[in-house]
Amino acid sequence: MDNDERFVAIEIKLAHQEHLVESLNDTVYQQARRLEQLEGIVQHLAEHIRNNAQSGQQISNDKPPHY
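Just so it is clear, the structure is predicted and the values come from calculations on it, not from any experiment. The written sequence of each chain sets the order in which its residues are numbered from 1. Confidence filtering applies because this is a predicted model: local features only for residues at pLDDT of at least 70, side-chain atom pairs given and counted only at 80 or more, and all residues used for totals across whole chains, interfaces and linings. Excluded from the side-chain calculations are hydrogens and water; all other atoms, namely the structure's heavy atoms, are used.

Q: Looking at this structure, I do not really get the overall build of the chain. What am I missing?
A: Segments assigned H or I by DSSP are reported as helices when at least four residues long, segments assigned E as strands when at least two residues long, and all are numbered from the N terminus. Of regular secondary structure, the chain possesses one helix and zero strands. For the radius of gyration, the atom set is restricted to C-alpha positions; the globular benchmark scales as 2.2 Å times the number of residues to the power 0.38. Computed over C-alpha atoms, the radius of gyration of the chain comes to 27 Å, more than 25% over the 11 Å expected from 2.2 N^0.38 for 67 residues, which places it beyond the range of a compact globule. In terms of principal-axis extent, the alpha carbons of the chain reach across some 85 × 30 × 10 Å. Think of it in three bands: residues with accessible area under 20% of the maximum for their type are buried, residues over 50% are exposed, and the middle band is partly exposed, with areas taken using a 1.4 Å probe on protein chains only. The buried share among the 67 residues of the chain stands at 0%. Here the positive residues are Lys and Arg and the negative ones are Asp and Glu; neither His nor the chain ends is included. Charged groups are reduced to one reference atom each: NZ for lysine, CZ for arginine, CG for aspartic acid, CD for glutamic acid. For the chain, the distance from the average site of its 6 positive side-chain charges to the average site of its 11 negative ones is 13 Å.

Q: Sorry, what's going on with a nonpolar patch on the surface here?
A: Each patch is built from salt-bridge-free residues with over 30% relative accessible area, joining like charges within 9 Å and nonpolar side chains (Val, Leu, Ile, Met, Phe, Trp, Tyr) within 5 Å. Note that accessible areas follow from Shrake-Rupley with a 1.4 Å probe, and for residues the cover is restricted to the protein chains shown. The term salt bridge refers to a side-chain nitrogen of Lys or Arg lying within 4 Å of a carboxyl oxygen of Asp or Glu. Nonpolar side chains collect at one region of the surface, where Leu 38, Ile 41 and Leu 45 lie side by side and expose about 250 Å² of accessible area between them. Its location among the elements puts Ile 41 in helix H1 (residues 3-54). For Ile 41, a relative accessible area of 45% translates into the label partly exposed.

This is how it looks when you write it as structure tokens:
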């Protein structure tokens, strides 16, 4: 294999690596955005639970009458 063929092979591998890195970067970015959304939901739910506990509302553990 001469030098030109080796350079072409290296360039092809590099192009594949660049594509893979871009794809992985996009995946990490999407996961970070989703994680931020989920953290916001959890924070909202925790606040909702705190507010209900402070207002005296309690979840009843009593069985419904049909039991």
